[in-house]
Structure formats: C-alpha cells, structure tokens
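Report on the structure
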Amino acid sequence: MSTSTSSSSQPSSQSVRVIVTKDVPAENQQEWLQHAHELAAETWKEDGCISYNFVKNPQKEDRFVIVEEWESQAHLDAHFQTPHFQKLVPLMDGMSHTADIDVCTDALTVSRELSMAPLGDNRRKRNGRILVLFDTATGSTQDMATLIAEGVQLLDRMDVRVRVVPGEYTSWEDPSIPRDGMYPFASFSDLYWADGVAVGSPTNLGCISYRMKKFWDDFSQSGGWGRVDGKIGTAFTSQGGHGGGGELVNMAIKTVLMNCGYAVFGITDYVGFKDTMHYGAAIAKKPRDEMDKMKCRRQGLKLAEFVAYYVNGRDEAHPMHAKNFDFEHWGFPGIPPRSANVEALKARNVSPHVSLLKKGTTHSNKKKQALIFTKMMDYVHESTPAMASWFLTKLHDMGWEGVVSEDSDLINSESKIQAFDMIVFLNNSGDIFDNSKGLLAHIAAGKGILGVHAAIASFLNGKDASGATIMEPTNDIFETIFGSHFQNHPPVQTGTVIIDHLNAGKLAPLLSPLPKKFSHCDEFFNFTINVANKDDKNDVNKNNKDIQVIAWADESTYEGGLMGEKHPIVWYREMGENKAPVFYSGLGHFSHFYNGMGPPHVATILEAGLRFCSAGSC
C-alpha cells in the first residue's frame, strides 16, 4: 500500500497481487486502524480492485498484513494516484514501519477459487459475492435490480454489488441525467469479484440492449473469456407489456452467460397462483405490482441460495429447503392457491431465508433469543429485509438466536414477550401493538431494547409518505423508552455526522473505528424532544437524565433541521433499577448500509448498539 511499481514490469492483462507487511506500535493502532478502515472502504470502490483486505497476525501483536489483488498493473498504478491513497497512506506510514512489500503475479495456470478446491477451504469462511448487473433506459430494469439485491440479502452472509453497464446515451434518454446517478458503472473487475451474477436488460425489439451486449463482447475480447468458468448466473428483463418478448431476452442473456462459462439455472418457485419466473423475472414496465416485486426478490434469493450452496458449501442454503418450506405451506408442488392471502404472500417474500427463521417462540436450546420486530402498518421501508438479515447475521455471530416477526401478539402477550432476551424494533410504522405492559416488564427485568431509524415513527397522528409534515405521537410508549419520538424529516440529503468519542462511555471501544466526523446521506429525523437538553426547566426531559448522546447531526451542513446546534441522532441509556440497556439510531434509511454496497459507518454504530443491548440479559 506504500509503494508503486513500473507498469512495464508486468503484462497489462495479468492480475497483480500486493502483500504489504506492517509493524504498528500498540499506541498507534487505534488511529492507524481508523485510517485503514477509511482507506479500504474507498479502495473497494475503485475500478480494477478485486480484493483489498487488512489482516492481523495473532502471533505478533504489532504485525498487520495488507493483501491486495488488482485486475492489472494499470489499475494498481491508478490506485496510487487516488486522493484517498495520497491522503491516508502517508499518515499510516508515519505511525508504522514497513517490514516487507511483495508485488506478485500468478505462478500457476489455474485461477483463483476453482471448484476443484476442497469445500473446507476459505470459501466456507467468507461471504458469498453477488453482482447485480443491469442496463436501463427508463428506470424499469434499475428498479428490478434494486429488488433483486434486496432478495439476495434475505440470506445471511451475502455481499452485493449493484452496477449499471457503461455506454453512450440512447436517443430517447436525457443526457443531463447521469446514468450512474444511483449505482456506479460496472467494470470487468466486478465480474471477477462475483461468485454469481444477475444480469438484467431492457427488452429492445425482443433482444438484449446494445450496451449490455457490448459490455460482454468487450469483456470477452479483453481476455475475460474462460476466466469466469464455474460462476453462477441468472437473467431478468423489463418489457413494454405482457408478451413483449421478455423471456426471449432472458434466454439470450443466459446464452451469453453460458458462452462465458457460467452455470445458469431455472426457477420452479411460484410467488402467487399465476406468477412465476422459470427463465428469470420478466416484468411489464416498472415493478409496481406486488407480485412483480415478489418475483424480483425471490429471484435474488434463489441466486443467493445457489451461490451459498455450490460456491460456499453451505448445506443449510440448498434451494430444496426453501422449496420444502413452500410444500409445507401450500402442499405439493408448492404453488400458492387462488385463495392465498396476499399479505401472507408478501410476508413470505420479505422474510429472511428459511434457514434463519425460528419456528415457535420458546427456547429450543440455551441460546438467548432476540425478537426482530418488523411490523409496518403505514409507510413501508424497503430496506427492512436487508436490515433484518443483517441483524440476524450479527446475532448469530454473537451466539444469539434471532426471530423475525410482524406478529403483534409477541409484544401484546405478557407471557410470549418473556421468551425474548432482547427486542429490536426496525423501521416500524402505524399502531404496531396494543398492549405495552409486557414491554415495560421486559425493561424492568433489565433486558435490552434497540430501535433503528423509523422505529420511533410508529403511533403518529397523521400520514405523510414524504415525512415532511410535523406530527405528534398518539402513544407515549416510545417517548418513555427511547426518550423522544419522531416528528418529521427533511428530504434525503448529505450532511455531517459527528461522533462523540470522548463521551461514548461503554460504547467507546466499539465505536473506535469511526472517524470523529463523516459525510453521510440519509433521512435526518427531527424529534419531539431533544434528549440532549439535560437542564430543561419545563421538566420535558425529567426522565431523560440518563441518556447519553454518542452521535450528532450537524444542521449547518444540510437543510431542514429543527433541533438546533445540538441535534442528537444516536443515543443510549440504562433504564430502571436493573439498568436495562436501550439504544436508538436515527441513521439507517437505505439498504446499502446493510448489504455491503455502502459506507460502513451505520453498520459500525448498530453493531455497537447491538452488543451494548445484548449485555442486558447477562
């Protein structure tokens, strides 16, 4: 990471690996790792970066190793010129010693991670990698790509990249609107990185779009043909109307994938009585209909299953497990009947993978249980499935068992709620439960509660999908627990978040990877009560003396803030005699915070809160 090599020293078409060994004194490691976190996050966005990882030697406390792989020497040379490299690497070098640097190329004729390697290798340990690659002219295929990525995230341990193919504007597109405004342009390195790809194209005269076809033609001619054998692929398309040639396009995409060495698969699942996607989802115009959305999410989940089972060797992800789940619900051959409740079908298609679902609410072993409560009666955040999957994965890593549910009875019932050692409220809306006695008893017992983003936007006296209208709570339960309630929010925009490391208390070590401030795009909520006002003379905050704010939104950096100079956005407290841990984060609106596609700051904050709340039932 601290050296450059001449581009003439290696063939331009050969991948390059860099191994840097660093010795970092203990007193510098916290700051060094903060820089490393920022450097890695930015480097992963670079064209040509196949992998970029920091690892620690457990035998030597000061020893760190940076392991990089680049598509070519030219890409590595470009990396040295990036602003984040030139800013961060000198800082990191100044507080460490470079013990060794090796710049290497392949010595064998076989490529990385071939299927001939035993399943006991690192593929079992790492996450699956899925690329959703699309072209779009009207936004229809882009919307499908977003839904497919959400479906991938219904299975844990999946990393996703969503990319649009580059190319010239069509005659019917507005050239003033950047084609990469929502998702970055794809590069060939994305194909090398991914274990599986979902490829989507508009249906253009019954054929693949010319930009998508050119991308694969160029990839093949650049030396990519024959270098992606054994990866897994699927196809999707948008069309002008039903019967508009979409399945022809999906088959054409699969022909391209097979020609490049991908293994493709069919889908036997039905999301409704008449709705399936045997050859891949083919949607008429944008996926506005619930059935169309279900098709996209289910296709993403199927791709995740195939990658998890055939690439990562995860037996619990075999596609037949989900098929058997449908058999149990609908009978053979797993097709929902005409009478199937639409809400039940929707719930099936936003629920985490069957391997992550817990049947019943009683303990089947000694693992602690967390209820991940996702009920949304009003506004529906489409990021919630990705959010729930992320929490399930983190709970599993902590040795806990997660239960995802929208069943209000698990909160209303004073006996059922006792089965849970922690409750996580995710993006809820509307009147999500009727009885709060069990919830208050949960807190009195010293058990944890965590709320994320719109959790405290439940129980409002109005409806406004834009979020701009100032509203008041109709139930004070969340003001009692979290100290405040949602009031409104300005439009999504970028502002500065400030982390209060000095006053983070118990959470300080967990927040140490975060910089003191960072630029962040989100919905910045305004709240009914400013929990930072400890000296409120009107006693509005008399019950909030124990709240500790750990992150602030800087209102001078965005428009629409109503909280003043001290605008709390993340905080925690310990409630009652048994000090029940309570944590709330107003950050977290988008799916990419949870699926590896976005910056890591929100995930770092939420993991800190999750570990804090998990201590309450010890």
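The sections below set out a description of the structure shown in this document.

Parameters at a glance
- Residues numbered from 1 in each chain as written.
- Predicted model: local features only at pLDDT ≥ 70, side-chain atom pairs only at ≥ 80, totals over all residues.
- Heavy atoms only, no water.
- Buried < 20%, exposed > 50% of the residue type's maximum accessible area, 1.4 Å probe, protein only.
- Helix = DSSP H or I, 4+ residues; strand = E, 2+ residues; numbered from the N terminus.
- Pairing = 2+ DSSP bridges.
- Axes fitted to C-alpha atoms, helices over the stretch in contact; angles between N-to-C directions.
- Parallel < 35°, antiparallel > 145°, perpendicular 65-115°, else oblique.
- Left-handed = near helix turned anticlockwise from the far one by under 90°.
- Contact = heavy atoms within 4.5 Å.
- Nonpolar A, V, L, I, M, F, W, Y, C, P; charged D, E, K, R; others polar.
- 1 Å grid on protein atoms, 1.4 Å probe; cavity = no way out; pocket = protein on both sides within 12 Å on 5 of 7 lines; lining within 4 Å.
- Points joined across faces, edges and corners; volume = space filled by probe spheres on them.
- Patch = residues over 30% accessible without salt bridge, like charges linked within 9 Å, V, L, I, M, F, W, Y side chains within 5 Å.
- Areas by Shrake-Rupley, 256 points an atom, 1.4 Å probe, with all protein chains shown as cover.
- Salt bridge = Lys/Arg side-chain N within 4 Å of Asp/Glu carboxyl O.
- Phe/Tyr/Trp six-rings, centres within 6.5 Å; stacked < 30°, edge-to-face > 60°.
- Expected span 1.5 Å × (residues − 1).
- Polar contact = N/O pair within 3.5 Å; in protein donor to acceptor, adjacent residues only side chain to side chain.

Here we come to the pairing of strand S3 (residues 63-70). With seven of eight residues buried, S3 lies mostly within the body of the structure. Bridging between strand S1 (residues 16-23) and S3 involves eight bridges; their strand directions are antiparallel. Residue pairing for S3: valine 16 is matched across the bridge by tryptophan 70. Pairing of strand S2 (residues 49-56) with S3 involves seven bridges; the strand directions are antiparallel. Its bridge partner being in S3, serine 51 is matched across the sheet by glutamate 69. Where S2 folds back on S3, the antiparallel hairpin that results is connected by six residues.

Moving on to the packing of helix H11 (residues 384-397) against helix H16 (residues 601-614). At a minimum axis separation of 11 Å, H11 and H16 run at an interaxial angle of 50 degrees. Relative to H16, H11 is oriented oblique. As H11 packs across H16, the resulting crossing turns out to be right-handed. Residue-level contacts link Trp390, Phe391, Lys394 and Leu395 of H11 to Ala603, Leu606, Glu607 and Leu610 of H16. For the contact of H11 with H16, the class distribution of residues is six nonpolar, no polar and two charged.

Applying the stated rule across the entire model yields one cavity of 30 Å³ or more. Roughly 50 Å³ of volume is contained in the largest cavity. Contributing to the lining of the largest cavity are Val199, Ile208, Met212, Lys213, Trp216, Ile253, Val256 and Leu257. Elements represented by at least two residues in the lining of the largest cavity include exactly helix H6 (210-224) and helix H7 (246-259). Looking at side-chain class alone, the lining of the largest cavity contains seven nonpolar, no polar and one charged residues.

With that settled, consider a nonpolar patch on the surface. There is a patch of nonpolar side chains on the surface, built from Ile19, Val55 and Val67 and spanning about 190 Å² of accessible area. Within the secondary structure layout, valine 67 lies in strand S3. On the basis of relative accessible area, valine 67 is assigned to the partly exposed category, the value being 33%.

Let us now look at the environment of histidine 442. Its location among the elements puts histidine 442 in helix H13 (residues 437-444). Counting along the chain gives 28 residues from histidine 442 to glutamate 414, while the straight-line C-alpha distance between them is 9.1 Å. Discounting residues that sit within four places of it in the chain, histidine 442 has contacts with Ile417, Phe420, Asp421, Met422, Ile423, Lys447, Gly448 and Ile449.

Here the structure, examined in full by the defined rule, presents 34 aromatic pairs. With centroids separated by 6.2 Å and ring planes inclined at 85 degrees, the aromatic side chains of phenylalanine 215 and tryptophan 216 adopt a geometry described as edge-to-face. Overall, phenylalanine 215 belongs to the buried group, its relative accessible area being 5%. Of the residues examined, tryptophan 216 reaches a relative accessible area of 5% and is grouped as buried.

Okay, the packing of helix H1 (residues 29-43) against helix H3 (residues 83-94) next. It is the contact of H1 with H3, at a shortest axis distance of 10 Å, that shows an interaxial angle of 155 degrees. In terms of their interaxial angle, H1 and H3 are classed as roughly antiparallel. Handedness of the H1/H3 crossing: left-handed. Of H3, the residues touching H1 (which contributes Trp32, His35, Ala36, Glu38, Leu39, Glu42 and Thr43) are His84, Phe85, Lys87, Leu88, Val89, Leu91 and Met92. Along the lines of polarity and charge, the residues of the contact of H1 with H3 split into eight nonpolar, three polar and three charged.

Glancing now at helix H8 (residues 290-311). An ideal rise of 1.5 Å per residue puts 32 Å on 22 residues; H8 measures up with 31 Å between its terminal C-alpha atoms. Judged by how many residues are buried, H8 sits mostly within the fold: 19 of 22 residues are covered. If you check the start of H8, you find a side-chain oxygen 2.8 Å away from the backbone N of methionine 291, and it comes from aspartate 289. Once H8 finishes, glycine 313 follows within two positions and takes phi at roughly 70 degrees, a positive value.

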